[in-house]
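Residues per chain, in single letters:
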Amino acid sequence: MIEVVASMARGSVFLAGELMECLITFRNPMSHLSTSASSEMLAWASAQIHCQFHASENRVALPTKGNKQDVQAESDTVLIPSRGERGQCVLDTPPKILFCDLCLDPGESKTYSYSEVVPVDGPPSFRGQAVKYVYKLTIGCQRVNSPIKLLRVPFRVLVLHGMPEPPFTPDDEVSPSNPFLEEEEASRRDARPLERALDMLMVTTSRRCPHMFNIANGRGKVVKLCIFKTVYRLGEDIIGTFNFSEGDIPCLQYSVSLQSEEEIQQQYQRRPGQALSVTGHGRHLESCLHTASSHFSLPIPLNVTPGFSTDIVSLRWRLHFEFVTARDPMEPPTVQPNQSEVTVWTGAEQVDVDTFSWDLPIKVLPTNPALASYVSQFSGTNSINI
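Residues numbered from 1 in each chain as written. Predicted model: local features only at pLDDT ≥ 70, side-chain atom pairs only at ≥ 80, totals over all residues. Heavy atoms only, no water.

K.L.:
With reference to specific residues and values, describe the overall build of the protein chain.
P.N.:
Helix and strand content of the protein chain: three helices and 21 strands. Pairs at least 24 residues apart make up 77% of the contacts formed inside the protein chain by residues separated by at least 6 positions. Summed over its atoms, the accessible surface of the protein chain is roughly 21000 Å², and 49% of this surface lies on carbon and sulfur atoms. (Helix = DSSP H or I, 4+ residues; strand = E, 2+ residues; numbered from the N terminus. Contact = heavy atoms within 4.5 Å. Areas by Shrake-Rupley, 256 points an atom, 1.4 Å probe, with all protein chains shown as cover.)

K.L.:
I'd like to hear about empty space enclosed by the protein, residue by residue, with values.
P.N.:
Taken as a whole, this structure holds one cavity of 30 Å³ or more when the rule is applied. For the largest cavity, the calculated volume is near 50 Å³. Arg59, Ala130, Glu262, Glu263, Ile264, Gln274, Ala275, Leu276 and Ser277 together form the lining of the largest cavity. Top element by residues in the lining of the largest cavity is strand β15 (residues 251-264). It accounts for three residues. For the lining of the largest cavity, the residue count by class is four nonpolar, two polar and three charged. (1 Å grid on protein atoms, 1.4 Å probe; cavity = no way out; pocket = protein on both sides within 12 Å on 5 of 7 lines; lining within 4 Å. Points joined across faces, edges and corners; volume = space filled by probe spheres on them. Nonpolar A, V, L, I, M, F, W, Y, C, P; charged D, E, K, R; others polar.)

K.L.:
Before we move on, can you summarise the pairing of strand β12 (residues 220-227) with the specific residues and values?
P.N.:
Along a regular strand, successive side chains alternate from one face of the sheet to the other. Burial analysis of β12 places seven of its eight residues in the buried class, the great majority of the element. Both strand β11 (residues 211-217) and β12 contribute to a ladder of seven bridges, which runs antiparallel. For Asn217, the partnering residue across the bridge sits in β12 and is Gly220. Where β11 folds back on β12, the antiparallel hairpin that results is connected by two residues. Here β12 runs beside strand β14 (residues 237-243); their pairing, made up of four bridges, is antiparallel. When the bridges of β14 are listed, Leu225 appears paired with Phe242. (Buried < 20%, exposed > 50% of the residue type's maximum accessible area, 1.4 Å probe, protein only. Pairing = 2+ DSSP bridges.)

K.L.:
Provide a residue-level description of the nonpolar core, including the pertinent values.
P.N.:
Considering soluble globular proteins, one finds that nonpolar side chains tend to be buried as a cluster. With 86 residues, the main nonpolar core has Ile24, Phe26, Leu137, Ile238, Phe242 and Leu319 as its most contacted residues. The leading source of residues in this core is strand β4 (residues 40-55), at seven residues. Every residue in contact with Leu137, bar those within four places of it in the chain, is listed here: Met8, Met20, Cys22, Ala47, Gln48, Ile49, Tyr114, Leu151, Arg152, Val153 and Phe155. (Core = buried A, V, L, I, M, F, W, Y, C linked by side-chain atoms within 4.5 Å.)

K.L.:
Tell me what's going on with the sheet that holds strand β7 (residues 109-117), and back it up with residues and numbers.
P.N.:
One open sheet accounts for four strands, arranged β7-β3-β1-β21; its pairing is antiparallel. Looking along the sheet, the strands with just one partner apiece sit at the ends: β7 and β21 (381-385). Between one strand axis and the next, the sheet turns through 15 degrees on average, direction left out of account. With nine bridges connecting them, strand β3 (residues 19-27) and β7 associate as antiparallel partners. Counted as the bridge partner of Cys22 is Tyr114 from β7. (Axes fitted to C-alpha atoms, helices over the stretch in contact; angles between N-to-C directions.)

K.L.:
Which residues make up the pattern of salt bridges, and what are the values?
P.N.:
In the structure shown here, the tally under the stated rule is 15 salt bridges. Among the ionic pairs, Glu261 bridges to Arg316, the shortest N-O distance being 3.4 Å. Placement of the pair is Glu261 in strand β15 and Arg316 in strand β19 (residues 313-326), with a sequence separation of 55 residues. With relative accessibility at 11%, the residue Glu261 sits in the buried group. Take Arg316: its relative accessible area is 34%, and that puts it in the partly exposed class. Ionic pairing is found between Arg316 and Glu263, a salt bridge with its closest N-O pair at 2.8 Å. Here Glu263 lies in strand β15 and Arg316 lies in strand β19, a separation of 53 residues in the sequence. (Salt bridge = Lys/Arg side-chain N within 4 Å of Asp/Glu carboxyl O.)

K.L.:
Give me the sheet that holds β14: which residues, what numbers.
P.N.:
Adjacent strands of a sheet form backbone hydrogen bonds with each other and so pair up, either parallel or antiparallel. Strand order across the open sheet formed by four strands is β11-β12-β14-β17, with antiparallel pairing between neighbours. What marks the edges here is a single partner per strand, and that holds for β11 and β17 (293-299). Averaged over all pairs of adjacent strands, the angle between their axes in this sheet comes to 25 degrees, without regard to strand direction. Relative to β17, β14 runs antiparallel, the two being bridged by seven bridges.

K.L.:
Which residues make up a nonpolar patch on the surface, and what values do they have?
P.N.:
A cluster of nonpolar side chains, Leu371, Tyr374 and Val375, forms an exposed patch at the surface whose accessible area comes to about 340 Å². Mapped onto the elements of the fold, Tyr374 is located in the loop between α3 (369-372) and β21. (Patch = residues over 30% accessible without salt bridge, like charges linked within 9 Å, V, L, I, M, F, W, Y side chains within 5 Å.)

K.L.:
Can you break down the confidence of the model for the protein chain residue by residue, with the values?
P.N.:
Summarising the model, the protein chain shows a mean pLDDT of 85, and 87% of its residues fall at 70 or more. For the stretch residues 66-74, pLDDT sits under 50, and the model shows 18 contacts to residues farther than four places along the chain or on other chains. In this model, residues 163-175 is a region of pLDDT below 50 whose contacts with residues beyond four sequence positions or in other chains number 26 contacts. (pLDDT = per-residue confidence, 0-100.)

K.L.:
Describe in detail the side chain of Ser255, supporting the description with residues and values.
P.N.:
Within the element layout of this structure, Ser255 appears in strand β15. Residue Ser255 is classed as buried on the basis of its relative accessible area, which comes to 2%. Beyond its immediate chain neighbours, meaning those up to four positions away, Ser255 contacts Arg283, His284, Leu285, His320, Phe321 and Glu322.

In C-alpha cells:
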C-alpha cells in the first residue's frame, strides 16, 4: 500500500491568474522492521486542474448539441480527471507528469511539487441555486496492470476582471513612492501578477464618494440616505446613514438586506420570463419612529461569490430597503418645561401604515485570497491509499 497526501502550500483560495502550488507526498507506510514489509511501486502519477459545471434541470435548459454527460471511459486505465463527476468539465489544464517508475522501500517517502497558473478565462467558484462551478486539483496514480486511482483536492477560485494585464503604468498612484526603494525591487514587484491585481483591487474599493438618495413614496419624502461608496470587496462593511429629520412622512420601521441575484441568461432559461433567484446574506432591522437619524452596517461575508457573468448565468449584488410609514401624521410626545411629575408616553395601539421597498445596486469584488482562506470550507489537503 502507498499513501498519497496532497497539500496546497498557501491555503485553498486563489485568484485567477495566480500560481497555485501543491506538495504531493507518496509514502510507503510499512515499517522496515515488519516481516511482511516490501517495496511498493507506482508506474506513474500526474496532476491537473479542472472546473466542473453543473446546472439544475428545472431552471436551466442547456442545448443538447455539445452537451457532455458524465464522463466514463471504456477503460479505467485512461486518465480522465472528471471521471465520475456530475455535470460537465468546462475547463482543464494540460496534465503534468510528476514521475514515472517510482519505487518506495518500507518507511520511505518522496515529495513532489506541482505548480500551475490558475486559468484566467474560467468562471469563479460558485454554488448557486441553479448553477454550480467547482474547481478541483486531480492527481492520477497507477500501478502496473491496475486501474487509475484519482485523488481530488477541491479549492476556490476568485476572478478579478482585468488581472492578466492590470491597467497600471509606472506613474500610477499605486506605484511605489518611497525614494529609498531600489528600482530593481520596484520592477520585480510590478512583475508579480498577484501583487498588481491586489493593488488594482485596493485602489478600486478604497475610493470614497458619498452618494445621497432622497427616498420617497407616493405621498412625499420619507428619508435621506447617505452611502459612502457602491464598490466593495469581500469582508468589508457596508455603512450607510439615514436622516429622517428631512422627511415629510413618518417612518415607523426600516430594514436593509444584503442580497445577491442569480439570473440565467435568457437563451438558457427553462421558462420564458423566469424569475431571479435571490439569496439574502445579512439584514439590519430597526424601529425609527420620532428618530432624527440612524445608521446601518452590513458585513459582506468572505465565503460568498463576487459578481460575475458567463454565457449561462450572471450574479449581481444589491441592497434591498424596506420602509414602513404611517398614513397619518404622528406628533412626538411633548414634555412641559415646568413639569415635575414623571410622564409615560404610550404608543398608539393601531396605526394605518404603508410599506414600500427599494433596491440599490452595488458591486462586490474579490479580496486577498489569503484572507478568504481563513473561512474556506476547503482544507486544501486530501489523501488516498493505493
